[in-house]
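Chains, contacts and geometry: an overview
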Amino acid sequence: MSPTRRTTRRPWARRRLPGAAALALLVASGTACSSQAIDQWSRGGMPEGATKQAGIVQTLWNGSWIAALATGVVVWGLILWACVFHRKKKNSPDELPPQVRYNLPIEILYTVVPVIMVAVFFYFTARDETEITRITKAAPVKVAVEGYQWSWRFTTDYQGQKAVVAGVPVDLSKQSVENPQGPQLVLPVNTQVQFDLHSPDVIHSFWVPAFLFKQDVFPGNVENHFQITTLDKPGVFVGRCAELCGTDHSKMLFSVKLVPQAEFDQYIKSQAGSAQ
């Protein structure tokens, strides 16, 4: 083998080896977390819901993405078609294509189709919003939520007993997903819960990402109400204020803990009439 061949082959191997190693690492890591990634993609990047109403929001979200992607495919196809079949001809570079001033069918198409799409989106959004914000008198657990600068007070009313939990602005240096700071609202699983929201100072926003839903907390005589039905998913879910409300807005953190009914009953008995 000539020296020239050796010198050309060895650099080629050096260049390809790191790329092959990186590809193998990518395939291995992708295989390890494929199920988690597929589950995340199936939710369109949304967190896993912890309430019945979250399922409604998730379905609307997925449907919106499917409609948007279908529209994008049609638009991209038309763009590529125009680029391929209506490019400038080499044999007649100065010749203009046929000039069409009006095309009534196409104008009707791109006017009617968007109106129909918006109407469909409006229908499903209004339908799901009506269901999510529907209030019944059957909720056995009621929670008065008071958002103030800059923390939360939760007053849980269950079978004539009340438990009050109040917080202070969170030290962000101690905040973590495994150990969330701030006041903790304890709720039972598989139960309908009503929230009554109120603020004594400025507008806040009560947001638990796992609910896939948030509501503003208004000052004055305005109260906001909504209900959820918790799923059988015990766990701790972080929450925060989603409305810029002042200097320590970022410290308005809290958590919601879903527990079995027996544990919730014991919690209410031990906390009834007390404040933390």
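Scope of this entry: the structure provided in the associated data block. (Residues numbered from 1 in each chain as written. Predicted model: local features only at pLDDT ≥ 70, side-chain atom pairs only at ≥ 80, totals over all residues. Heavy atoms only, no water.)

Some thoughts on the overall build of the protein chain
Counting secondary structure elements, the protein chain contains five helices and ten strands. Within the protein chain, the fraction of its 276 residues that count as buried is 27%. In the structure as shown, the protein chain presents an accessible area of about 18,100 Å², 63% of it carried by carbon and sulfur atoms. (Helix = DSSP H or I, 4+ residues; strand = E, 2+ residues; numbered from the N terminus. Buried < 20%, exposed > 50% of the residue type's maximum accessible area, 1.4 Å probe, protein only. Areas by Shrake-Rupley, 256 points an atom, 1.4 Å probe, with all protein chains shown as cover.)

Examining the pairing of strand 7 (residues 213–217)
Two strands pair when backbone bridges link them, and strand 6 (residues 204–208) and strand 7 are joined in this way by five bridges, in the antiparallel orientation. Within strand 7, the residue paired with His204 across the bridge is Val217. (Pairing = 2+ DSSP bridges.)

Quick word on the side chain of Ser151
With respect to the secondary-structure elements, Ser151 resides in strand 2 (residues 151–158). Within polar-contact distance, the side chain of Ser151 engages the backbone nitrogen of Val168 at 3.2 Å. Filtering out sequence-adjacent residues up to four positions away, Ser151 remains in contact with Glu146, Gly167, Val168, Pro169, Pro183 and Met252. (Polar contact = N/O pair within 3.5 Å; in protein donor to acceptor, adjacent residues only side chain to side chain. Contact = heavy atoms within 4.5 Å.)

Quick word on the pattern of salt bridges
Applying the stated rule across the entire model yields five salt bridges. We note a salt bridge from Glu131 to Arg134, for which the minimum N-O separation is 3.1 Å. Look at Glu131 and you get partly exposed, because its relative accessible area is 33%. Here Arg153 makes a salt bridge to Glu146, at a shortest N to O gap of 2.8 Å. Judged by its relative accessible area of 29%, Arg153 falls in the partly exposed class. Its relative accessible area of 23% is what places Glu146 among the partly exposed residues. (Salt bridge = Lys/Arg side-chain N within 4 Å of Asp/Glu carboxyl O.)

Observations concerning the sheet that holds strand 8 (residues 224–229)
Spatial strand order, 3-2-1-5-8: five strands in an open sheet with mixed pairing. Looking at the sheet topology across the chains shown, the edges are occupied by strand 3 (161–166) and strand 8. Across the sheet, the mean angle from the axis of one strand to that of its neighbour is 20°, orientation sign disregarded. Pairing of strand 2 with strand 3 involves six bridges; the strand directions are antiparallel. (Axes fitted to C-alpha atoms, helices over the stretch in contact; angles between N-to-C directions.)

Focus on the packing of aromatic side chains
All told, the structure shown has 15 aromatic pairs when counted by the stated rule. Measuring from centroid to centroid gives 5.8 Å for Trp152 and Phe206, while their planes differ by 75°, and the two rings are edge-to-face. Residue Trp152 is located in strand 2, and its partner Phe206 is located in strand 6; the two are separated by 54 residues in the primary sequence. Each member of the pair, Trp152 as well as Phe206, carries the same accessibility label: buried. Grouping aromatic residues by their ring pairs yields a cluster made of Trp152, Phe154, Phe195, Phe206, Phe211, Phe213, Phe226 and Phe254. (Phe/Tyr/Trp six-rings, centres within 6.5 Å; stacked < 30°, edge-to-face > 60°.)

Here we look at helix 5 (residues 261–271)
Those residues of helix 5 lying buried are Phe264, Tyr267, Ile268 and Gln271. What you see down the axis of helix 5 is that its buried residues fit within an arc of 100°, all on one side. In this structure, helix 5 carries Ala262, Gln266 and Lys269 as exposed residues pointing more than 90 degrees from its buried face. Buried residues in helix 5 make contact with strand 1 (141–148), strand 2, strand 3, strand 4 (184–188) and strand 10 (253–259). (Arc of directions from axis to C-beta.)

Considerations on unusual backbone geometry
Phi is mostly negative for residues that are not glycine, and the peptide bonds are mostly trans. Cis geometry is found at the peptide bond from Gln149 to Trp150, where omega equals 0°. Assignment of secondary structure puts Trp150 in the loop between strand 1 and strand 2. The backbone of Gln159 sits at a positive phi, close to 55°, despite the residue not being glycine. On the secondary structure map, Gln159 appears in the loop between strand 2 and strand 3. Here Gln159 falls in the exposed class, since its relative accessible area comes to 65%.

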